[in-house]
Amino acid sequence: MRLTSASSRWTWTAGASIAVLAATVLIGPAMRPSTATSHWDAPATTVNKQIDATDLYAFTSPERQDTVTIVANYIPFQAPQKPYQFDTDARYEVHVDNTGTGRAAVTYRWTFANKALPAPSFVRGRERQAGPLDSLVEQSYTLTRLRDGKSEVLVRDGYAAPTDLGAPGYAATRRKAVRDLPGGGKVFTGTAADPFYSDNRAVNLLRFGLPFFPVKTGVPMNVSALALQLPKSELALGGDPVRNPVIGVWTTASRKSSTLLGSGAAGYTQVSRLGNPNFNEVIIPLKQRDHFNTLRPDGDESGGLVVPSTLDPDQAKVVAKQVNVTAPPAPRKDLEQIYLTGLTTRTGGPIKQDLTSHQLNQDAPRTVKAEELRLNLSTPVAASPDKYGILKGDAQGYPNGRRLIDDVVTINLRMLLGEPAGRGAPGLIAEDNPAFLLKPITDSFPYLALPVTAAG
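A brief report on the enclosed structure follows. (Residues numbered from 1 in each chain as written. Predicted model: local features only at pLDDT ≥ 70, side-chain atom pairs only at ≥ 80, totals over all residues. Heavy atoms only, no water.)

Time to look at the nonpolar core. Grouped together as the largest cluster of nonpolar side chains are 78 residues, with contacts concentrated most on Tyr-92, Trp-110 and Leu-143. Among the elements that line this core, the one with the most residues is helix α12 (residues 408–416), at six residues. Within the second largest apolar cluster, 17 residues are counted, among which are Phe-59, Ala-177, Ala-192 and Leu-404. (Core = buried A, V, L, I, M, F, W, Y, C linked by side-chain atoms within 4.5 Å. Buried < 20%, exposed > 50% of the residue type's maximum accessible area, 1.4 Å probe, protein only. Helix = DSSP H or I, 4+ residues; strand = E, 2+ residues; numbered from the N terminus.)

This is how it looks when you write it as structure tokens:
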């Protein structure tokens, strides 16, 4: 699972150069907002960073293979050493569907409270030398599990790891934010280096159908992470991951008294949704992206937006024209398999692989088409993982869940042009460039690197 990087030797001067490069890509041509995977996936989340889900990951934990790790990152493009915080008027949730009905069988919900603390001496010293810094506000959280119509508080007054403002010993602060959960799980909540990386040409082609010089880069900024490591038996239908190995995962943020349009209960309105990376900003038409963020997966099949957009995505034609290839014609049953039903040979789809469909669960009821990040809990951990996942024969990689090392933008670009159902355009993005991460991921939970600081 380790992805090392020579960038750990870089100084912040080099990192700042990459930041400029990243900003160029992220703002994009003609000042249109481009993003790293789902950073800024819709107009409303662009101006409401606290509820913007940047990336969702789900994978079998390499060192604890009877567990699954799920990571939902929020609040994109956090500048190093500038404090950020979760919205105390929001609910952040991770949902797991083990039946294929598009409904959550279990939900994990975070709510946050501010803990106003005086700035430590090292911060006050920096203020005298470099001018005032933003207020240092630490946060606590409550983690609640909802299942079978009941709610259970798993963590009260949990510690959310704050921004690393340059104090010595921050690694110990990070360890303090890792908590054991009842039943053998773990949770981490707090700031981390953004693990996203991709080829900038892939980002711009996928988002806009526009060329960009081919350089691999990470996002040298931070995110706010919600990470869980959970026993597979807690997530699988009937508690049996052998008999029922497939789950679907998505994350949502719902805000109390929000001015954004949406639907919700008990005074909360869902304003953000993320399952598969790139889905909203590539498959869903621009004018409907805020609306998509208010929807639940169990309404995707009948809602008149998700299924038609997947079967005939305009962006496939735009990208194909730009790179002078032919995209597969509509209806795109291959994309329907990838995003809405999961991969199985049972439906007669063009991708002949039994891997991520809830129909592989022996006890599943009638399944529906729903946009979720699906994971097969029985797929062995790859001895030599490939960042291109199933496109390079690594069945454990995206779209079978998503690992931190998966180059999901390139994978989604190539799938948009027809792989793995057909030949597609495999040579579009060079495969020999190493992944760039300002800081490497780690070998144990929560795997995310420590926050990026001004020192690199």
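Read on for the rest.
Moving on, we come to the packing of helix α11 (residues 333–341) against α12. At a closest axis distance of 10 Å, the pairing of α11 and α12 adopts a crossing angle of 150°. When α11 is examined against α12, the residues Asp-334, Leu-335, Ile-338 and Tyr-339 are found in contact with a partner set consisting of Asn-412, Met-415 and Leu-416. Of the residues assigned to the contact of α11 with α12, the class counts are five nonpolar, one polar and one charged. (Axes fitted to C-alpha atoms, helices over the stretch in contact; angles between N-to-C directions. Contact = heavy atoms within 4.5 Å. Nonpolar A, V, L, I, M, F, W, Y, C, P; charged D, E, K, R; others polar.)

Looking now at the sheet that holds strand β1 (residues 53–60). Whenever strands of a sheet pair, they do so through backbone hydrogen bonds, lying parallel or antiparallel. Pairing is antiparallel in the open sheet, where five strands are placed in the order β1-β2-β11-β8-β7. Looking along the sheet, the strands with just one partner apiece sit at the ends: β1 and β7 (178–180). Along the sheet, successive strands turn relative to each other by an average axial angle of 15°, direction set aside. (Pairing = 2+ DSSP bridges.)

In terms of residue burial, strand β11 (residues 222–231) counts as a mostly covered element, since 10 of its 10 residues are buried. Of the two faces of β11, the one lined by Asn-222, Ser-224, Leu-226, Leu-228 and Leu-230 and the one lined by Val-223, Ala-225, Ala-227, Gln-229 and Pro-231 are each fully buried. Examined bridge by bridge, strand β2 (residues 67–78) and β11 share nine bridges and lie antiparallel to one another. Its bridge partner lying in β11, Asn-73 is registered against Ala-225. Looking at chain direction, strand β8 (residues 186–193) and β11 are connected through eight bridges and run antiparallel. Bridged to Ala-192 within β11 is Val-223.

To continue, consider the packing of aromatic side chains. Pairs of aromatic rings are described using the distance from one ring centre to the other and the angle between the two planes. Tallying each qualifying case throughout the model produces nine aromatic pairs. Ring plane angle 75° and centroid distance 5.1 Å describe the contact between Phe-86 and Tyr-92, whose orientation is recorded as edge-to-face. Residue Tyr-92 is classed as buried on the basis of its relative accessible area, which comes to 0%. An aromatic cluster of three or more residues is present, and its members are Tyr-74, Phe-86, Tyr-92, Phe-112 and Tyr-141. The positively charged end of Arg-91 is found above the aromatic ring belonging to Tyr-268, 3.8 Å away from the centroid. Above the face of the Tyr-388 ring, Arg-414 is positioned so that its terminal group lies 5.5 Å from the ring centre. (Phe/Tyr/Trp six-rings, centres within 6.5 Å; stacked < 30°, edge-to-face > 60°. Lys NZ or Arg CZ within 6 Å of the ring centre and 35° of its normal.)

Among the structural elements, Thr-101 can be located in the loop between β3 (90–97) and β4 (106–116). Given a relative accessible area of 15%, Thr-101 falls into the buried group. For Thr-101, the side chain forms a polar contact with the side chain of Thr-99, separated by 2.8 Å. (Polar contact = N/O pair within 3.5 Å; in protein donor to acceptor, adjacent residues only side chain to side chain.)

Tracing the backbone shows Gln-288 in the loop between α7 (279–283) and α8 (289–292). Residues Gln-288 and Ala-42, 246 residues apart in the sequence, show an inter-C-alpha distance of 8.6 Å.

What follows is about helix α5 (residues 200–208). The buried count for α5 comes to eight of nine residues, which makes it a mostly enclosed element. When we look at burial in α5, the residues that qualify are Asn-200, Ala-202, Val-203, Asn-204, Leu-205, Leu-206, Arg-207 and Phe-208. One side-chain oxygen at the N-terminal end of α5 lies 2.8 Å from the backbone nitrogen of Arg-201; it belongs to Asp-199. Directly beyond the C-terminal end of α5, a positive phi value near 70° is found at Gly-209.

These figures come from the coordinates and say nothing about function on their own.
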